[in-house]
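Given next are the chains, with one letter for each unit.
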Amino acid sequence: MGDYAKALGSKLRAIRQQQGLSLHGVEQKSGGRWKAVVVGSYERGDRAVTVQKLAELADFYGVPVAELLPEGRVPSGAEPATKIVINLERLQQLPADKVGPLARYAAAIQSQRGDYNGKVLSIRTEDLRSLAIIYDMTPGELTEQLVDWGVLPPEARPARED
C-alpha cells in the first residue's frame, strides 16, 4: 500500500466529513451496506479498495469517482499559468454571447477592488478555476480559449509535457 492508499483514504475521509457523516453514520445511512470498520480501514489506507468498491462508494457519496482519487479530477488539459492578466480592452471587443460570464466576473472584481483602469485585470488561479466551471471546461482548456480570443497573451498558454 503506502502513500497512495493513505492519500486515497484522506480523500474518502474528507468527502465523508464534508457530508457531516461519522463512520457509524455511513453504516446507518447505507443500511449496513458500508460497515464503519471497513470504511475506516479504507480511510486509514490499511485496506485496499477495489475499483468496483470505489465506484460504489462514490455513488453512495454522490460524487464523481475522480473526486475520490488523490489527484482529483482526471486532467484533460494542462494547468493554467500562475499569473493571469486579462486584456479588458480586447474583452470588450468580443461578442457578449461568448464572453458574458467572463465580462460579468471581471466587472465584479473591478468593482470590489475599485480598480477601473479598463486596460488589464489580474486574477488569481482560483478565479480562473471558478470561471472554468461556469464555462464547463478545465482551467487549462479555458486558458487556451482565452488565448484564442486574445484576452490572454500567448505566453499564458500552459506548458505541455511531451
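Residues numbered from 1 in each chain as written. Predicted model: local features only at pLDDT ≥ 70, side-chain atom pairs only at ≥ 80, totals over all residues. Heavy atoms only, no water.

- Where an unreviewed UniProt entry is consulted, the protein chain appears under the name Helix-turn-helix domain-containing protein, with the organism given as Pseudonocardia eucalypti.

### Topic: helix H9 (residues 139-149)
Consideration 1: Of all the 11 residues making up H9, eight are buried; the element is thus mostly covered by neighbouring parts of the structure.
Consideration 2: Within the span of H9, buried status applies to Pro 139, Gly 140, Leu 142, Thr 143, Glu 144, Leu 146, Val 147 and Trp 149.
Consideration 3: Immediately downstream of H9, the backbone of Gly 150 shows phi near 85°, a positive value. (Buried < 20%, exposed > 50% of the residue type's maximum accessible area, 1.4 Å probe, protein only. Helix = DSSP H or I, 4+ residues; strand = E, 2+ residues; numbered from the N terminus.)

### Topic: the environment of Asp 46
Consideration 1: Among the structural elements, Asp 46 can be located in the loop between helix H3 (36-44) and helix H4 (51-61).
Consideration 2: Distance from Asp 46 to Ala 5, taken between C-alpha atoms, is 7.7 Å for residues 41 residues apart in sequence.
Consideration 3: Polar contacts involving the side chain of Asp 46 include one to the side chain of Arg 44, which spans 2.8 Å. (Polar contact = N/O pair within 3.5 Å; in protein donor to acceptor, adjacent residues only side chain to side chain.)

### Quick word on the pairing of strand E1 (residues 84-87)
Consideration 1: Residue alternation in E1 divides its side chains into a buried set, Ile 84 and Ile 86, and an unburied set, Val 85 and Asn 87.
Consideration 2: Bridge analysis of E1 against strand E2 (residues 120-123) gives four bridges, and the strand direction is antiparallel. Looking across to E2, one finds that Asn 87 is bridged to Val 120. (Pairing = 2+ DSSP bridges.)

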